[in-house]
Amino acid sequence: MDPESGIPASEWLGQVQEKELRRVLKQFGEDDTTLGKLAQWYLARQRYEDARSTYRRFKNKLAGLTAIASSYRLEKKPDLAVKIYQQMIGEDSENQIKWKSEIGATYREFKKYEQAIATYEELLAEDLKNEQDWRWQIATAYHEWGKYTEAIAQYRVCTNFP
């Protein structure tokens, strides 16, 4: 992978066969960056289970779980992504607000507005220092859902208009 010789690594990854990629991984080791490139290779070919299996080998378990949740979102499986974020709340309680906000974002991304709003309301109760952000998320979810009366009511209590 010398940038001075041959083709760029990004181009090589686009052309390489799986057998050759595994040989290179074996030769150079399996750090998270290298495993991530292999997982991206799988994702580019819509081989989601292979990518998730690779992410599970990460030394940084939270980074691996984050990538697994993202792969479920990419595959349009929000409920499985939510299960991963819930697992992360259990394993990384210091960042439970972050993971819970990802749950809300996942629900909203997949138009599961009722669940998104319920999640943002939990966050509103648990994280008062970011009250305005959670109110804005609630208002926006109502707006996207087409519940304009509820959206307006939430926007009216927001002080953080963009």
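Parameters and conventions
- Think of each chain on its own: its residues are numbered from 1, step by step along the sequence as written.
- Since the coordinates come from a predicted model, pLDDT governs what is reported: local features require at least 70, and pairs of side-chain atoms require 80 or more to be given and counted, while whole-chain, interface and lining totals use all residues.
- Hydrogens are left out, water is left out, and the side-chain values use all remaining heavy atoms of the structure.
- Think of it this way: any DSSP run of H or I at least four residues long counts as a helix, any run of E at least two long counts as a strand, and we number them from the N terminus.
- We call a residue buried when its accessible area falls under 20% of the maximum for its residue type, exposed when it is over 50%, and partly exposed in between, using a 1.4 Å probe and counting protein chains only.
- Residues count as neighbours in contact if any of their non-hydrogen atoms are within 4.5 Å of one another.
- Every accessible area reported is derived by Shrake-Rupley at a probe size of 1.4 Å, with residue values counting cover from the shown protein chains alone.
- Multiplying 1.5 Å by the helix residue count minus one yields the expected span of that helix.
- Between N or O atoms, a polar contact is any pair within 3.5 Å; within protein, one atom must be a potential hydrogen donor and the other a potential acceptor, and residues adjacent in sequence are included only when both atoms are from side chains.
- As used here, the term nonpolar core means buried Ala, Val, Leu, Ile, Met, Phe, Trp, Tyr and Cys residues forming a set that is joined through side-chain atoms within 4.5 Å.
- Here is the rule: rings of Phe, Tyr and Trp (six-membered ring for Trp) pair when centre to centre is within 6.5 Å. Planes less than 30 degrees apart are stacked, more than 60 are edge-to-face, and the remainder are tilted.
- The directions from the helix axis to the C-beta atoms form the arc being described.
- Should a side-chain nitrogen of Lys or Arg be within 4 Å of a carboxyl oxygen of Asp or Glu, the pair is scored as a salt bridge.

A few words on the overall build of the protein. If you tally the helices and strands in the protein, you get ten helices and zero strands. When burial is assessed residue by residue, the protein has 40% of its 162 residues classed as buried. The contacts in the protein between residues at least 6 apart in sequence include a share of 36% that link residues at least 24 apart. Just so you have it, the protein exposes about 9,900 Å², and 50% of that area is on carbon and sulfur atoms.

Let us look at helix H3 (residues 32-44). In this model H3 runs 18 Å from its N-terminal to its C-terminal C-alpha over 13 residues, within 8% of the 18 Å that 1.5 Å per residue would give. Among the residues making up H3, those that are buried are Asp-32, Leu-35, Gly-36, Leu-38, Ala-39, Trp-41, Tyr-42 and Leu-43. Among the residues of H3, the N-terminal cap falls to Asp-31, whose side-chain oxygen and the backbone nitrogen of Thr-33 are separated by 3.0 Å.

For the rest of this paragraph, the subject is the nonpolar core. Of all hydrophobic cores here, the largest spans 37 residues; its most connected members are Tyr-55, Ile-84 and Tyr-85. Elements represented by at least two residues in this core include exactly H3, helix H4 (48-55), helix H5 (61-74), helix H6 (78-91), helix H7 (96-109), helix H8 (113-126), helix H9 (131-145) and helix H10 (148-156). Setting aside its immediate chain neighbours within four residues, Ile-84 contacts Leu-65, Ile-68, Ala-69 and Tyr-72.

As for its position among the elements, Thr-54 is in helix H4. At 2.9 Å, the side chain of Thr-54 forms a polar contact with the backbone oxygen of Asp-50. Discounting residues that sit within four places of it in the chain, Thr-54 has contacts with Leu-35, Leu-38, Ala-39 and Tyr-42.

For the rest of this paragraph, the subject is the packing of aromatic side chains. This model, assessed by the stated rule, comprises six aromatic pairs. Linked through ring pairs, Tyr-113, Tyr-142 and Trp-145 together constitute an aromatic cluster.

With that settled, the discussion passes to H10. At 3.6 residues per turn, the α-helix brings residues three or four places apart onto the same side. Among the residues of H10, Ala-151, Gln-154 and Tyr-155 are the ones counted as buried. Buried residues of H10, viewed axially, fall in a sector of 100°; they line one side. Seen from the open side of H10, the exposed residues pointing more than 90 degrees away from its buried face are Thr-149 and Arg-156. Looking at the buried positions of H10, the neighbouring elements they touch are H9.

This brings us to the environment of Tyr-107. Within the fold, Tyr-107 resides in helix H7. With residues near it in sequence (within four places) discarded, Tyr-107 still touches Asp-79, Val-82, Lys-112, Gln-115, Ala-116 and Thr-119.

Turning our attention to the pattern of salt bridges. Under the defined criterion, the tally for this structure stands at eleven salt bridges. With a closest N to O distance of 3.0 Å, Glu-131 and Arg-135 form a salt bridge. With Glu-131 and Arg-135 both in helix H9 and four residues apart, the pair spans about one turn of that helix. Within this structure, Glu-49, Arg-52, Glu-75 and Lys-77 form a network of salt bridges that share partners.

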